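The chain contents come next:
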Amino acid sequence: MSADELIWRIAGGSGDGIASTSQNFAKALMRSGLHVFTHRHYPSRIRGGHTYVEVRASADPVKSRGDGYNFLLALGDSFARNPQEGAYYGNEEAKPLAENLDELREGGVIVYDSGLLDPSEVPNFEERVEENNWHVYDIDLRSLARDQGREVMRNTAGVGVTCAITGIPLSAIEELMRDAMPEKILEPNVEIMETAYDLVREEYDVDAPDVSVPSGEHDEEQVLMSGSDAIAYGAIDEGCRFIAGYPMTPWTEVFTIMSQNLPELGGISEQVEDEIAAAALAIGASHMGVKAMSGSSGGGFALMGEPLGLAEMTETPLVLIEAMRAGPSTGMPTKPEQADLEHVLYTSQGDSQRVVLAPGTVAEAYEASRRAFQLAYEYQIPSMLIYDQKLSGELTNVPASHFDREPNADIGFTLTEEELADQPHTNDGKFHRFQHDGENGVSPRSVPGQKGGRFLATGNEHNPAGHIDEDPNNRVAQMNRRQRKLDAIRADLDDDGLLVEHGPEDADYGILTFGSQQGTVEEAVDRLNENGTSVKALTVAELAPYPIDAVRAFLDSVEEALVVEMNASAQFRGLTQKELGTHGEMLSSLLKYNGNPFEPAEIVEGFTTNIVEDGELPGNETKFVPAAGD
Amino acid sequence: MSAFSAIGEEREVDRNEYTPEIEPQPTWCPGCGDFGVLKSLKGALPEVGRTPEETLLVTGIGCSGKLNSYLDSYGFHTIHGRSLPVARAAKLANPGVEVVAAGGDGDGYGIGGNHFMHTARENHDMTYIVFNNEIFGLTKGQTSPTSPKGHKSKTQPHGSAKTPIRPLSLSLTSGASFVARTAAVNPNQAQRILKEAMEHDGFAHIDFLTQCPTWNKDAKQYVPYTDINESEDYDFDPTNRAEAQELMRETEDKLYEGEVLTGVYYRDDERPSYQQEKQQIGEMPEEPLAERYFDGDYEWERSYDQFIDKHK
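Residues numbered from 1 in each chain as written. Chains lettered and ligands numbered in written order. Predicted model: local features only at pLDDT ≥ 70, side-chain atom pairs only at ≥ 80, totals over all residues. Heavy atoms only, no water.

Each partner contributes to the interface: chain B provides 64 residues, whereas chain A provides 77 residues. A combined buried area of about 5900 Å² lies between chain B and chain A, and 59% of that area is made up of carbon and sulfur atoms. At the boundary of chain B with chain A, the tally comes to 11 salt bridges. Put simply, R82 of chain B and E306 of chain A hold a salt bridge, and the shortest N to O gap is 2.7 Å. Our count for the chain B to chain A interface comes out at 36 residue pairs in polar contact (both at pLDDT 80 or more). Elements with a minimum of two residues in the side of chain B that touches chain A: α2 (67–70), β2 (74–77), α3 (83–93), α5 (113–122), α9 (274–280), α10 (289–292) and α11 (303–307) of chain B. Top element by residues in the side of chain B that touches chain A is α3 of chain B. It accounts for 7 residues. (Contact = heavy atoms within 4.5 Å. Buried area = accessible area lost by both parts, 1.4 Å probe. Salt bridge = Lys/Arg side-chain N within 4 Å of Asp/Glu carboxyl O. Polar contact = N/O pair within 3.5 Å; in protein donor to acceptor, adjacent residues only side chain to side chain. Helix = DSSP H or I, 4+ residues; strand = E, 2+ residues; numbered from the N terminus.)

Structure (structure tokens):
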């Protein structure tokens, strides 16, 4: 095992503490000065089933999951057993071991719980171990944990074993456990971890594999954060104090973080009957002058199309979050995909005015969340943030200073009562809320309870005073004004740095991507360049209004480009071709939609096979779709 | 000067203030019951002491949805069935504003039925008027959730096989703390009930019978009305849930046969509103949330100060 990076995979059943253990482990590595990145894989069930988390750690910045991994900690799935009959559900029992071998690198380490896992149930286990030069540690973690505490603490025992083999000091983990656990649970956990550590140190040859963990140092203090954390904190810093939602994976993460924190900040969170209500509540609160948001995932977002249109027509600022997962319908609830792009861009009837942003990294998720609120309130328009199950749950280190920003609770062009008095009114005192002459399309607004500001907001076409009006001239004037907002927003966004270029400026080839694939693509680009292929990447985080000029300039600077996205119908490539109206002949696609995000090697392989060598992809993990002209 | 000086303003309010000076010609048909709702609402709001600028009227879609074109307050004309969730949040965001929601029987009991049930359950402090004419009017006469069984329409040519919804019982069962029925042809009672509803702290649901002379010519079936709060035939205590339930059952069973009972069926003035409950458990600020955005001195919390440590 190379000392460049440690990729530690902890596998077991849902409910066995895989997530919390891996989070602590990642944090300990981050605190020791390493860069970390986690990748989470879990089934849609509460307890049991195959789940794993990878923690990748390196002295250099890591932007993605790695290619495979080099350390497996296989815990028994305690929920795989049927307690009534003492029977097994098929081969569930062996899954933590059996399901994880394909991607384990040569020379890697396997630690498995011999108290619960039987390698004889794993096909060709011995042969594969020998073939791949794996180092196997069979340790009865279950008995070890049971003897000193509770069986469920075998994850802690596993961490003790990991530390013994890799040389990570136990103190680093202990410190975190002290922060996270009450005294009563802490004591046995520490004891179990130490016992496991000592046992391995005494009885096994830990020097056999080359498993020293890389060492590193950070220039500044780091924090471990997920995309969901970053989105929630961005919203809070922009003064969002009202959220309404309905739980749906993976949107629930943002909803939960907000709900747990808003009351302490004097805000309001509402869990309501459905997603139509959720978006409508956000509109109601925003109409009153409060910064509000809602959100969902694919199927729930489908219900929001109707209130979304209402926000557009009434020009009520609205922020909606869409956390994509594999579809159609309920699809694969816990697996990432980027296939709701067209859904978010085009849902709801009529000519649409909306903003769609797609952050690519955890750090960017914070900025994009803030930007979504700024645009929504400045331009009185719905703005949506789309991301996916990958970005929502992955943890990575970000400099703490990145979040050290000033709050902004500005609600945009909203008048005071003094200012309202000078505005045009109808004879009976109705304020002209929807005036035609706003240069950037934005009309000043009032909120209920203000003197002199009374108006009617309606989802029907309306005149400046808000009265329903189907006069053709009024219709055109209002529609033109609403459309003008998009040009102004596009100009604003051009200065935002939402387009991230990576790689040599004069590269021969390009890779175009959006959202959570950014880091993986960038890592692939680095490797391609190291291997002598001249390629650069552009990640587009601004999907509506689309940055036509910038993308065109990028594509004009290369011979050919590969569009990388996680869906089956090349939606982002389609959007790019539609917006540019050209370049279709030079864009081919690399797609993946099997429930797992790309690994860097798959992009390297896909690029090399299709662009450089004109060959065929092995296997069916990814798919290649040639350019329109081919 | 407060950012919301219209809220709590104490002055005499003239009902004409609610009439737009250049009144859009109401598009309701001659003889429509909706005129009765508009009239009694214009009468009740000044009685409650609410000015047009501290009142938000949220409507759905349909003939009823046009109410706020003819009532000159702050207004939000939403979409079919969605007036309640918009209204709920508006009230949470700024409890000082008088929030009245209105919609039709198709809008409120059909497409918005889910929201109705949950708003009643949560007991949001607001008034909800359902224009009940037992028909879809603006879409030209289809069977609605309150149309009687056997009702024939273009979309149900063989007569509806469905039992009509029981709005009063549904409301009570769902948890509304004020349930009443009135009728457009009873303007005095309607005005009294609207006033009581707006003064009530909690979800006040009024099933407002409105005749539709164009699409539901049988509207005359509603006459005669009996006011259960006034009539000597009914020794009735509206704070008694069981009695309310019994009366609702009675009238909802024979609504299509003759005597129609109207009045306040049920009121629970002890039960705290949702806003109060939420404040008690610490999930809603004491001061109206909306005010904070107009307070230049308010110090907004930063996530960096609040949460960053747990990620270190």
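Right, let's get into the state of the cysteines. Residue and element names in this part refer to chain B. Here the structure, examined in full by the defined rule, presents 0 disulfides over all chains. The cysteine C29 is free of any disulfide, with C32 supplying the nearest cysteine sulfur at 6.3 Å. You can see C63 has no disulfide; the closest cysteine sulfur is in C32, sitting 6.1 Å from it. (Disulfide = S-S within 2.5 Å.)

Here we come to the pattern of salt bridges. Per the stated rule, a full pass over the model turns up 65 salt bridges over all chains. In this structure, E151 of chain A and R146 of chain A form a salt bridge, with 3.8 Å as the shortest nitrogen-oxygen distance. The partner of D72 of chain B in a salt bridge is R454 of chain A, and the shortest N-O contact between them spans 3.2 Å. With D72 of chain B in the loop between α2 and β2 and R454 of chain A in the loop between α16 (417–421) and β17 (456–458), the pair connects residues from two separate chains. R454 of chain A matches D72 of chain B in its accessibility class, with the two residues each being buried. (Buried < 20%, exposed > 50% of the residue type's maximum accessible area, 1.4 Å probe, protein only.)

Glancing now at the confidence of the model for chain B. When pLDDT is averaged along chain B, the result is 94; 97% of the residues meet or exceed 70. Across the assembled chains, the prediction reports ipTM 0.98 with pTM 0.96. (pLDDT = per-residue confidence, 0-100.)

Here we take up the side chain of D469 of chain A. Residue and element names in this part refer to chain A. Of note, D469 is situated in the loop between β17 and α17 (472–494). It turns out D469 is buried and unbridged, and the closest side chain with the opposite charge, R475, is 10 Å from it. When sequence neighbours within four positions are dropped, the list of residues in contact with D469 reads E461, H462, N463 and N474. (Lys, Arg positive; Asp, Glu negative; His and termini not counted.)

What follows deals with the UniProt feature "domain: Thiamine pyrophosphate enzyme TPP-binding" (unreviewed entry) in chain B. Here, the residues flagged by UniProt with the feature "domain: Thiamine pyrophosphate enzyme TPP-binding" (unreviewed entry) are residues 61–208 of chain B. Counting secondary structure, residues 61–208 of chain B comes out at 36% helix and 20% strand; the distance between its end C-alpha atoms is 16 Å. (UniProt positions renumbered as here; feature names shortened; annotations may be inferred.)

Below, the discussion takes up a negative patch on the surface. On the surface, E183, E187, E191, E194, D198, E202 and E203 of chain A cluster together into a patch of negative charge. You can see E203 of chain A is positioned in helix α7 (residues 183–203). (Patch = residues over 30% accessible without salt bridge, like charges linked within 9 Å, V, L, I, M, F, W, Y side chains within 5 Å. Areas by Shrake-Rupley, 256 points an atom, 1.4 Å probe, with all protein chains shown as cover. Charge placed at Lys NZ, Arg CZ, Asp CG, Glu CD.)

All names here are of chain A. Here helix α6 (residues 170–180) has its buried residues at L170, I173, E174, L176 and M177. Summarising the axial view, the buried residues of α6 lie within an arc of 165 degrees, below the 170-degree limit, and thus occupy one face. Looking at the buried residues of α6, the elements they touch are α1 (18–31), α5 (154–166) and α7. (Arc of directions from axis to C-beta.)

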